[in-house]
Amino acid sequence: MHPIATGSLASFVAGLATGLGALPALFLPSLSERVQGILLGFGGGVMLAATSFSLLVPGTEAAIALGYSPFGAAVVMVAGLLLGAIFLESAHRFFPHEHFFKGVEGENRAHLKRIWLFIIAIALHNFPEGLAVGVGFATGQVSDGLALALGIGLQNMPEGLVVALSLASQGYSRLFAFAIALLTGLVEPIGGIVGATVVTLAQPLLPWGMAFAAGAMLFVISDEIIPESHRQGLEREGTFGVLSGFVVMLLLDIALG
């Protein structure tokens, strides 16, 4: 299968995992804040490990294979990482959105209903994940992207549950909350198509694409996931969640990579 098709399909499946994780919200009454902190931290840990072992390390190897010196490869990875972080920071400034625990961010939000602010926030969170999966498959080697796709899909499941239950707690019906969680997960294939297409058509961009996706994910981890998992005195629960997610993704990467 062509790398673009593989990356797009893998990001679509990873995005569907958000809806799969949200299914229990149709019958579960709620989750304690401690459990939510652990689940959010778990997702952050998976993303942190994926950033390191599935994007930055293979991106560095790809840069060296393209003829860069070790120092040149390091410069490429640093520059790409910073560009990815700046891109996400700019998107957060430009698009009005609201986090469940951090509140409203962005400009020109008065005319938007609150539910759309939530949807935009989650979409901004999910796009870099799809981008990372798409770039991971752009090498043409399925094994390069498989661990990344599995890890992102795995962290999407508890994320989908937290999103759906949070929406339900805001007064929305459970079916509507599930549908919104599923919809936000389907943002990931858009990122997957973009990442896989750009890097596949221009192989010299592979290390840049991996570094860019890593920077975007690091921004999400530090700006959103860790603060939300550490809210209201839940630092310990969030920390153990991060450690658990990091270990799971590390095992996946080593076992499958």
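Shown above is the structure to which this text applies.
Our subject in this report is the structure included herewith. From a predicted model like this one, the values you see are computed outputs, not experimental measurements.

Re the overall build of the protein
- Within the protein, the regular secondary structure consists of nine helices and two strands.
- Tracing the protein from N to C terminus, the helices and strands come up as α-α-α-β-β-α-α-α-α-α-α.
- A total of 257 residues make up the protein; the buried ones form 52% of that total.
- Carbon together with sulfur atoms contributes 72% to the accessible area of the protein, which is approximately 11200 Å² in total.

Observations regarding the packing of helix α2 (residues 33-65) against helix α8 (residues 206-229)
- In contact at an axis separation of 9 Å, α2 and α8 are set at 160° when each is read in the N-to-C sense. Between α2 and α8, the interaxial angle falls into the category roughly antiparallel. Like other packed secondary-structure pairs, α2 and α8 cross with a definite hand, here left-handed.
- When the residues that make up the contact of α2 with α8 are grouped by side-chain class, the tally is 20 nonpolar, seven polar and one charged.

Thoughts on the side chain of glutamate 237
- The topology assignment puts glutamate 237 in helix α9 (residues 235-256).
- By relative accessible area, glutamate 237 is classed as buried at 12%.
- Separated by 2.8 Å, the side chains of glutamate 237 and arginine 34 make a polar contact.
- For glutamate 237, the residues in contact, after removing those within four places along its chain, are Arg34, Gly37 and Ile38.

What counts and how
- Residues numbered from 1 in each chain as written.
- Predicted model: local features only at pLDDT ≥ 70, side-chain atom pairs only at ≥ 80, totals over all residues.
- Heavy atoms only, no water.
- Helix = DSSP H or I, 4+ residues; strand = E, 2+ residues; numbered from the N terminus.
- Buried < 20%, exposed > 50% of the residue type's maximum accessible area, 1.4 Å probe, protein only.
- Areas by Shrake-Rupley, 256 points an atom, 1.4 Å probe, with all protein chains shown as cover.
- Axes fitted to C-alpha atoms, helices over the stretch in contact; angles between N-to-C directions.
- Parallel < 35°, antiparallel > 145°, perpendicular 65-115°, else oblique.
- Left-handed = near helix turned anticlockwise from the far one by under 90°.
- Nonpolar A, V, L, I, M, F, W, Y, C, P; charged D, E, K, R; others polar.
- Polar contact = N/O pair within 3.5 Å; in protein donor to acceptor, adjacent residues only side chain to side chain.
- Contact = heavy atoms within 4.5 Å.

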